[in-house]
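Fold and contact review
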Amino acid sequence: MVNKTPWQLFRFAFVYLNAIPTGFLVTPLLWGSAYLGWMAILIGWSANLILLWFTVKVGRWDPDRSWIDFGQDLLGKWLHYPIILLILFWSVNYIGLDIEGFTLFFDTNYMRETPQWFIILIVGLVVTLTARWGMETLIYISDGLFIVIVLTILLMNMFFFQDADFNMVSAMYRHHNYGDVFKDSLTTLAYFAEWVVFLFLAPYLQIDRKAFRNLAAASAMVALGVLLQWASSLLSFGPYLGRELQYPLVELLRAGRGFLGNSDPFMIGLWSSSMFLHCAFLIHVSVRCLAKLLALKQMDATLIAVIGGTGSILAFQYSKNPVLFQQDFSSPSMIAFFLLVECIPILYWIASLFRKGKRPRRKAA
């Protein structure tokens, strides 16, 4: 069992949540909100706290068990199992998106002559093996990655802003494209509010009375990191050139002088580690869902291989049309699907209001 500390959930949440927004959120913000991207980030993050509150309330209903086990006590088996199936579909699809997004990044920046199917195969094997290490190992890995990632974000942005054009700052409050801000706020919310998967952490980590504070702090740090990356990209490249750059962070590193210009392997290594942890945790979630639906026990190794292989096959299908993949990754339909899944805790919270008399006894947190 993991040796729990008050902030262990915070560190794991930060590393998990940081992976996708850092790599893929800045460019959509530059395309849509442009100078008002800061507003979309803040609104999306604030709305994300609402979904977090519902998730924590559901997780505290029985903190010693995973939601996948006690959820049927709230909604009943006939509603709980279809929702598990929905989360299984979402998480496996997300694994495919993760692997293809990571593959496309390496294919366009570092391994242009390598066939995509080969990169997908290697990445799929790596995330599957990472998932085989187990949840306790993933939590300990996040403990080590946390401090390195935070320090790196702070130091890199200190260098990025040295060459920024601060004359553009006035445009950040003079523009009035609020329609784009609203749409980008929903995109930001979908990227930040993946709280439903944290209901699978018990009994490794509990959702206790301090969980809201810790998870909110983790999401705030992720939002701050994205805000700094968006601002440095905007002030260095402008909204028109910046939106044409598929990976602004890489271009910022390459445009730097001295140490900064040679630091992209280190930065990419850190981001890759958080991506692998993100994908491995989704495999863990998928395995729990599949095992529950099929009533399987002691078959985690086999199910991990099945889920990892399925995610790799989905990534290979996405790789056949990279342009369509890029469009679909942040499309309105994809964002709507993610928000639908992320709002699931609200349904269980409503059900918990009618189950207070049957609430399990909890140890004092």
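Residues numbered from 1 in each chain as written. Predicted model: local features only at pLDDT ≥ 70, side-chain atom pairs only at ≥ 80, totals over all residues. Heavy atoms only, no water.

**Section: unusual backbone geometry**
- One non-glycine residue with positive phi stands out, namely Ala34, at about 55°.
- Tracing the backbone through its elements, the reader meets Ala34 in the loop between helix H2 (26-31) and helix H3 (37-59).
- Backbone geometry places Ala295, a non-glycine residue, at a positive phi of 55°.
- Within the secondary structure layout, Ala295 lies in the loop between helix H12 (264-294) and helix H13 (300-319).
- Among the residues examined, Ala295 registers a relative accessible area of 66% and is labelled exposed. (Helix = DSSP H or I, 4+ residues; strand = E, 2+ residues; numbered from the N terminus. Buried < 20%, exposed > 50% of the residue type's maximum accessible area, 1.4 Å probe, protein only.)

**Here we look at the state of the cysteines**
- The full count for this structure, using the stated rule, is zero disulfides.
- You can see Cys279 has no disulfide; the closest cysteine sulfur is in Cys289, sitting 15 Å from it.
- Residue Cys279 is classed as buried on the basis of its relative accessible area of 2%.
- Here Cys343 is not cross-linked by a disulfide; its sulfur's nearest cysteine counterpart is in Cys289, at 17 Å. (Disulfide = S-S within 2.5 Å.)

**Re the side chain of Thr22**
- Looking at the secondary structure, you find Thr22 in helix H1 (residues 8-24).
- Looking at Thr22, the relative accessible area reads 16%, which means it is buried.
- Non-local contacts of Thr22, meaning those with residues more than four positions away in its chain, are made with Gln229, Leu249 and Trp271. (Contact = heavy atoms within 4.5 Å.)

**Digging into the nonpolar core**
- In this structure, Phe14, Trp67, Ile87, Trp90, Val197 and Phe198 are the most contacted members of the largest nonpolar core, which totals 119 residues.
- In terms of residue count, the dominant contributor to this core is H12 (15 residues).
- Apart from residues lying up to four places away in sequence, Ile87 is in contact with Trp67, Val196, Phe200, Val285, Cys289, Val341 and Ile344. (Core = buried A, V, L, I, M, F, W, Y, C linked by side-chain atoms within 4.5 Å.)

**What about the layout of surface pockets?**
- There is about 680 Å³ of room inside the largest pocket.
- In terms of lining, the largest pocket is formed by 29 residues, of which the most central are Pro28, Gln326, Gln327, Ser330 and Ser331.
- As a volume, the second largest pocket reaches approximately 380 Å³.
- Those elements giving two or more residues to the lining of the second largest pocket turn out to be helix H4 (67-75), H12 and H13.
- No other element matches H12, which puts four residues into the lining of the second largest pocket.
- The residue makeup of the lining of the second largest pocket, split by class, is eight nonpolar, one polar and five charged. (1 Å grid on protein atoms, 1.4 Å probe; cavity = no way out; pocket = protein on both sides within 12 Å on 5 of 7 lines; lining within 4 Å. Points joined across faces, edges and corners; volume = space filled by probe spheres on them. Nonpolar A, V, L, I, M, F, W, Y, C, P; charged D, E, K, R; others polar.)

Read these as spatial facts, not as claims about activity.
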